[in-house]
Amino acid sequence: MTDWNIQSRAHACRACEAPFANQQPYHTLLAFERHELVRQDVCEACWAAQFSEGAKDRKGFISHWVGEYQAPPAAPPEAIQKDTAESILRKLMEKNDPQYRAAAYILAVMLERKKILKVKAQLRENGGRVFVYEQPKTGDVFTIPDPELQLNQLEAVQRQVAALMEHGLETPVEPAAYITPPEQPPVAALAGGNEEPAN
Ligand SMILES: [Zn+2]
């Protein structure tokens, strides 16, 4: 079963292990191996020599694309920045908490509209759709299942996303639709505990 995850771009060729230079083109190959989505980044020479022939015929092949390697910046600029839709999406994916599944999907759709993420592939697994997004600047790949939102759930999820955008993940934000009712204390405990259950 494909879960949501982030697969970062490698900093070296998977085949020959030569580190990628800044702005060097590389090839990404996505495939399913033992029900896991596996990403391989290889240099052009290795692609031409070992991968290009019959890449699409490989077992589990999903997608292939060419990217340009960007050397990571010296200091992470995110540290001083306010949360953005992208940083929240990354945090949600790290948390892997089912209550944020729909929010992650909505954020990915928002980021795609802003051209911050690109859809690279769309898979079908166990009857559900899974979207593979790429962040072209970092080369990170996000795997996000379609939560198959019903129209009547959309508003609650949009409220959840708005709250996340405003407050980040620090304050728990659970719109009404997601709040489970508080547990009722057992009746027996209230009554003293010695009563027979009524028929
Ligand atoms: Zn190589």
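Residues numbered from 1 in each chain as written. Predicted model: local features only at pLDDT ≥ 70, side-chain atom pairs only at ≥ 80, totals over all residues. Heavy atoms only, no water.

Trainee: How should the packing of aromatic side chains be read in this particular structure?
Mentor: Any two aromatic rings considered together are summarised by their centre-to-centre distance and by the angle between their planes. The final tally for this structure, using the stated rule, is four aromatic pairs. With a centroid separation of 5.6 Å and 45° between ring planes, the pair formed by Phe20 and Tyr69 is classed as tilted. In this pair, Phe20 is assigned in the loop between strand S1 (5-7) and strand S2 (25-33) and Tyr69 in the loop between strand S4 (61-68) and helix H2 (85-95), connecting sequence segments 49 residues apart. No difference in accessibility class separates Phe20 from Tyr69, as the two residues are buried. Arranged with centres 6.2 Å apart and planes meeting at 40°, the rings of Phe131 and Tyr133 form a pair that is tilted. (Phe/Tyr/Trp six-rings, centres within 6.5 Å; stacked < 30°, edge-to-face > 60°. Helix = DSSP H or I, 4+ residues; strand = E, 2+ residues; numbered from the N terminus. Buried < 20%, exposed > 50% of the residue type's maximum accessible area, 1.4 Å probe, protein only.)

Trainee: Explanation requested: the coordination of the zinc ion in the structure shown.
Mentor: As a benchmark, a tetrahedral metal site with four donors has ideal angles of 109.5 degrees, while an octahedral site with six donors has ideal angles of 90 or 180 degrees. Looking at the zinc ion, one finds its protein donor set to be Cys13 (SG), Cys16 (SG), Cys43 (SG) and Cys46 (SG), positioned 2.3 Å from the metal centre. In this structure, the zinc ion is coordinated by four donor atoms arranged in tetrahedral fashion, with angles at the metal of 103 to 117°. Mapping the donors of the zinc ion onto the primary sequence yields the spacing C-x2-C-x26-C-x2-C. (Donors = N, O, S within 2.8 Å, 3.2 Å for Na, K, Ca; no water. Tetrahedral: all angles 85-135°; square planar, octahedral: opposite > 155°, others 65-115°.)

Trainee: Would you mind showing me how to read the pairing of strand S7 (residues 140-145) here?
Mentor: Residues in a regular strand point their side chains to alternate faces of the sheet. By the criterion of burial, S7 is predominantly enclosed, with six of the six residues buried. The alternating pattern of S7 places Asp140, Phe142 and Ile144 and Val141, Thr143 and Pro145 on opposite faces, both of which are buried. Note: S1 against S7, three bridges, orientation antiparallel. Following the sheet pairing, Ile6 is matched in S7 by Phe142. The pairing of strand S6 (residues 128-135) with S7 spans six bridges and is classified as antiparallel. Within the sheet, the bridge partner assigned to Val130 lies in S7 and is Pro145. The antiparallel pairing of S6 with S7 creates a hairpin that spans four residues between the two strands, and Gly139 there sits at a positive phi of about 75°. (Pairing = 2+ DSSP bridges.)

Structural measurements only, silent on function.
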